[in-house]
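Geometric and topological summary
The lines below spell out each chain.
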Amino acid sequence: MSWYKTGTINVTNGSNTVIGYNTKWTNPLIGVCSGQMLILQTQNTIEIYEIASIQSDTQLTLAKAYSGTSKTGITYEIPTSPKVSIESLALRVSEMLNYYQIQLDAWQSILTGDGEVTLTAPDGRVVTIRSQLSISNELVKLVEQSQGFAQSARESATTATNASVLAQTCSDSAKSYSDSASSSATASRNSAQQSSNIANAAKVSENNAKTSEQNAAKSADEAKKSALSLDTSNFVKKSAEKSQHIDGLLDVKFLTEQDQRVYSPNNKPTADDIGAVPAIREVLAESPIYRVAAHVVIRDMIGDQRLMPFRRNELPFGWYFRNGDNFLLSSPQGQALNKLSVNYKNDHKITIKTINGQQYINLPTAFSGGRGCFERAVDGEKRQVGSIETDAIRNITGYTSMYSYNTRDSGDSGAFRRVAVARNAVGGANPVQNTVLDNFWFDASLQVPTANENRPINIGMTPVIYLGV
């Protein structure tokens, strides 16, 4: 498989556009096209996105918006061939790794086993060959018994050593790079052929022994020395530890990636490993709580009502705008509301009603007449949770009126204003002309800020309820 990873890229949260630097995405020789994967790896996390289209050498569009944190100057990888789906690619990689695991097991048997070993070549042919150890033992026996041609035996030993080195190289390549798998398979087939040639050479050596009797003694000595000089450290050996077998089993307690501990379901971190407080999870009133020693840490409880500093469309998961909206009774939100106690539903006017032939249940509301309500403590006796009091102020009363002679400057102040009305005096033995009636008018806005409601200074918050779904 070919991978294109030249240059770096910038990605932005919520955007489909990817900007490249020093990239050549439209080069037809590279093979980057729509439908392929864009693979990002940052801080031990792998992110995979589908490429929808290529605009230029330095710009492409993703099939869906990037959901991660915005990043600049990061590395990437695009598998350019074969053009298959992610599922097919994963299946092929799995089949390839399984095939090479079988090849590695076979090579282990070739190098350390005794007797014949059956190999499956990349073209599907089944080849049965003798193990390396068996061949070496047979060669020594043939040389001792027939005092065969020493030069052929020495060449056979050299060929066997080369085959061992080649096998080790193939094993390392198979583990390190999946793209070198084809080369390793070819090397395996060649090694099998070489092993077969070795066996044929041994037979030829046996025939040649009849015509090389004069050199037999010397050849036998040289062959023994050659066999004893073989460096067995080049052979793959099994470890005595079960957790380190060559069959692929690993001790997960010692897995690391870039010098960092790797955890798994069978190798979970402890609280001390990650610097957390050890807690035990329990469920109380269908809501999770966590116990730390003798202390209880209560998580968000179903029905919890608060004021939050988030807009209604940006609330955390499980929280809902407390505005009386209706949910289907069968929905997760409806089921959570219906599980609340009878008193809770009565106090907050949560009822089940039928709308268009379907049952609905409503959220509580923090509004009355379109106005948000202030929240106030209750005693639970005279006033219960959920009861609403309309706005009011303490009563202020007062009135004054007096007669005076002729119009004069008023002495009013504050919220009072004098309104003089001229008229004739009424009654009395000696009426006085042009007397003045003084009326006083009260207006609180002359002294304090006023509005169409009673309120203290306040800051806006979103009233919410927690349903946990």
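Before reading on, note that the structure itself is shown above.
Residues numbered from 1 in each chain as written. Predicted model: local features only at pLDDT ≥ 70, side-chain atom pairs only at ≥ 80, totals over all residues. Heavy atoms only, no water.

Glancing now at the sheet that holds strand β20 (residues 358–362). The three strands are arranged β18-β20-β19 in an open sheet whose pairing can be described as antiparallel. Each having just a single partner strand, β18 (326–328) and β19 (352–355) make up the two edges of the open sheet. The average undirected angle you get between the axes of adjacent strands in this sheet is 45°. Pairing geometry for β19 and β20, over four bridges, is antiparallel. Bridging from a neighbouring strand, K353 pairs with Y360 of β20. (Pairing = 2+ DSSP bridges. Helix = DSSP H or I, 4+ residues; strand = E, 2+ residues; numbered from the N terminus. Axes fitted to C-alpha atoms, helices over the stretch in contact; angles between N-to-C directions.)

Excluding glycine, most residues fall at negative phi; most peptide bonds, likewise, are trans. Positive phi values are uncommon outside glycine, yet K349 reaches one of about 55°. Take K349: it is sitting in the loop between α8 (342–347) and β19. The phi torsion at N356 lies on the positive side, around 55°, for a residue other than glycine. Mapping N356 onto the fold places it in the loop between β19 and β20.

Our next topic: the pattern of salt bridges. According to the stated counting rule, one finds nine salt bridges in the structure shown. For E375, the salt bridge identified is with R322, shortest N-O distance 3.0 Å. Here E375 is found in the loop between β22 (371–372) and β23 (401–405), whereas its partner R322 is found in the loop between β17 (319–321) and β18, with 53 residues between them in sequence. Look at E375 and you get exposed, because its relative accessible area is 54%. Measuring nitrogen to oxygen at the nearest pair gives 2.9 Å for the salt bridge that ties R455 to E453. Among the charged side chains, a salt-bridge network with shared partners connects R371, D391, E453 and R455. (Salt bridge = Lys/Arg side-chain N within 4 Å of Asp/Glu carboxyl O. Buried < 20%, exposed > 50% of the residue type's maximum accessible area, 1.4 Å probe, protein only.)

The next subject is the layout of surface pockets. Put simply, the largest pocket is a space of about 1400 Å³. Contributing to the lining of the largest pocket are 39 residues, with A366, G372, C373, F374 and E375 lying nearest its centre. Looking at the lining of the largest pocket, the elements with two or more residues in it are β16 (305–308), β21 (367–368) and β22. Taken together, the residues of the lining of the largest pocket sort by class into 16 nonpolar, 12 polar and 11 charged. (1 Å grid on protein atoms, 1.4 Å probe; cavity = no way out; pocket = protein on both sides within 12 Å on 5 of 7 lines; lining within 4 Å. Points joined across faces, edges and corners; volume = space filled by probe spheres on them. Nonpolar A, V, L, I, M, F, W, Y, C, P; charged D, E, K, R; others polar.)

Moving on to the packing of aromatic side chains. What the rule picks out here adds up to six aromatic pairs. For the pair F321 and F367, a centre-to-centre distance of 5.9 Å together with 75° between the ring planes defines the contact as edge-to-face. One end of the pair, F321, is in strand β17; the other, F367, is in strand β21, and 46 residues separate them in sequence. Residue classification places F367 among the partly exposed residues on the basis of a relative accessible area of 30%. (Phe/Tyr/Trp six-rings, centres within 6.5 Å; stacked < 30°, edge-to-face > 60°.)

Position of G370 relative to the elements: it lies in the loop between β21 and β22. Put simply, G370 and N323 are 47 residues apart on the chain and 9.9 Å apart in space, counted from C-alpha to C-alpha.

Here S331 shows up in the loop between β18 and α7 (332–338). Under the relative-accessibility criterion, S331 is labelled buried at 15%. Sequence spacing of S331 and V469 is 138 residues, and the spatial spacing of their C-alpha atoms is 9.8 Å.

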